Amino acid sequence: MDSTDGAPPRWNRKQAEAVHDMPFNDLLFLAQTVHRRNFDPNKVQLSRLLSIKTGGCPEDCGYCSQSAHHETGLKASKLMEVRRVIAEAAKARDAGATRYCMGAAWRNPKARDMDAVVAMVEGVKALGMETCMTLGMLDLEQTARLKQAGLDYYNHNIDTSERYYNEIISTRSFADRLDTLEQVRQSGIKVCCGGIVGMGEEPVDRIDMLVTLANLPEHPESVPINMLIPIAGTPLAEAKPIEPIEFVRVIALARIMMPKSHVRLSAGRTAMTDEMQALCFFAGANSIFVGDTLLTADNPGEDKDTLLFRRLGIEPMELEAQ
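From a predicted model like this one, the values you see are computed outputs, not experimental measurements. (Residues numbered from 1 in each chain as written. Predicted model: local features only at pLDDT ≥ 70, side-chain atom pairs only at ≥ 80, totals over all residues. Heavy atoms only, no water.)

1. Points about the overall build of the chain
- Assigned secondary structure in the chain consists of 11 helices and 12 strands.
- Expressed as a percentage of its 322 residues, the buried residues of the chain come to 55%. (Helix = DSSP H or I, 4+ residues; strand = E, 2+ residues; numbered from the N terminus. Buried < 20%, exposed > 50% of the residue type's maximum accessible area, 1.4 Å probe, protein only.)

2. Observations regarding the packing of helix α5 (residues 140–149) against helix α7 (residues 174–187)
- With their axes 10 Å apart at the nearest point, α5 and α7 run at an angle of 40° to one another. In terms of axis orientation, α5 runs oblique to α7. Considering the relative orientation of α5 and α7, their crossing is right-handed. Side by side, α5 and α7 meet where L140, T143 and K147 of the first sit next to Q183, V184 and S187 of the second.
- Its residues assigned to classes, the contact of α5 with α7 comprises two nonpolar, three polar and one charged. (Axes fitted to C-alpha atoms, helices over the stretch in contact; angles between N-to-C directions. Parallel < 35°, antiparallel > 145°, perpendicular 65-115°, else oblique. Left-handed = near helix turned anticlockwise from the far one by under 90°. Contact = heavy atoms within 4.5 Å. Nonpolar A, V, L, I, M, F, W, Y, C, P; charged D, E, K, R; others polar.)

3. Focus on the environment of I196
- Relative to the helices and strands, I196 is located in strand β6 (residues 195–197).
- With near-sequence residues (within four places) excluded, I196 lies in contact with Y63, D159, M209, N226 and L228.

4. Section: the confidence of the model for the chain
- Chain-level statistics for the chain give a pLDDT mean of 89 and a share of 89% at 70 or above.
- Predicted confidence is poor over residues 293–297, with pLDDT under 50, and the contacts of this stretch with residues over four places away or in other chains come to 18 contacts. (pLDDT = per-residue confidence, 0-100.)

5. Let's talk about helix α3 (residues 82–94)
- The terminal C-alpha atoms of α3, which comprises 13 residues, lie 19 Å apart, in line with the 18 Å expected from a rise of 1.5 Å per residue.
- All of the buried residues along α3 are V85, A89, A90 and A92. Along the long axis of α3, the arc covered by the buried residues comes to 160°, so they all point the same way. Turned more than 90 degrees away from the buried face of α3 sit R83, R84, K91 and D94, all of them exposed.
- Elements in contact with the buried residues of α3: β1 (43–53), β2 (99–104) and α4 (114–126).
- Downstream of α3 by a residue or two, G96 has a phi angle that is positive, lying close to 110°. (Expected span 1.5 Å × (residues − 1). Arc of directions from axis to C-beta.)

6. Observations concerning unusual backbone geometry
- Its identity is not glycine, yet D159 carries a phi of approximately 75°, on the positive side.
- Here D159 is to be found in the loop between β4 (153–155) and α6 (162–165).

7. Observations regarding the packing of aromatic side chains
- In this structure the tally under the stated criterion is two aromatic pairs.
- On the numbers, 6.1 Å between centres and 85° between planes, the contact of F281 with F309 is edge-to-face. Within this pair, whereas F281 is found in helix α10 (residues 274–282), its partner F309 is found in helix α11 (residues 302–312), the two being separated by 28 residues in sequence. Neither F281 nor F309 differs from the other in exposure class; each is buried.
- When the ring centre of Y153 is taken as reference, the NZ or CZ atom of R99 above it lies at 3.8 Å.
- Here R264 stacks its cationic end above the ring of F289, 4.5 Å away from the centre of that ring. (Phe/Tyr/Trp six-rings, centres within 6.5 Å; stacked < 30°, edge-to-face > 60°. Lys NZ or Arg CZ within 6 Å of the ring centre and 35° of its normal.)

Printed below as a string of structure tokens:
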């Protein structure tokens, strides 16, 4: 990999592929070594995700139950009331979450919704939590308002490789996603960006996705890696699941390529054994979503996560000083 002063090392596919294809034990040893240089290996950051506006999205993402293009039986809802969002955030804080993520099924926010969105950010910040939002594409004015409100993170996943992207989404380009990420970065809001695996892509697409993320001007501070949850009524309902060892390889490669980023074990944990999750934590994952739901999909409840953490000797990560 190449490096320039003040910028993260640049990776190419050949370099990343060589790491990805290492003997599994060697890959895990390298990933754990990198992880220990940058993080406490026995601390995991807890986030909570709330759908503040569900369903009716005009995008046609092939994995998503909230797309208006798919017959999934999900009923569209209006934007939640601000006070209800803040009340849910307070419950999450009291249960141990330090970051609160709010997601709306939009292509982009409408001007009429921005006052409420800003109030949500301010209200959650006042609880002493980190804030994250995913609202689709943003314009300059919206980005500036979110920054002024104190938004810590903005999530906007690239989903997959540029090569495979058009197989999954046709209503928004790969370049559109990169443009939004750059706008968020320029505003001073931290970037949360990752993707989904198990959508029928090839291993090289997973590698290329991580090369794209690692070669951004700055590494995303948070990198969520999702395992596809096949949802009836979506084009990917019959997608073949990714093999557990292959998923762990993706986690390990993300940790090695983006050593200071939080790598989040995101959607799909309900389909993972405790042993698979333990391997992911060893490979460098150090963030999870807690709670019974993840937007519209099931997620392991707090009791199950607490038990797993106890068995592994893992403790929740405390909120860093702002």
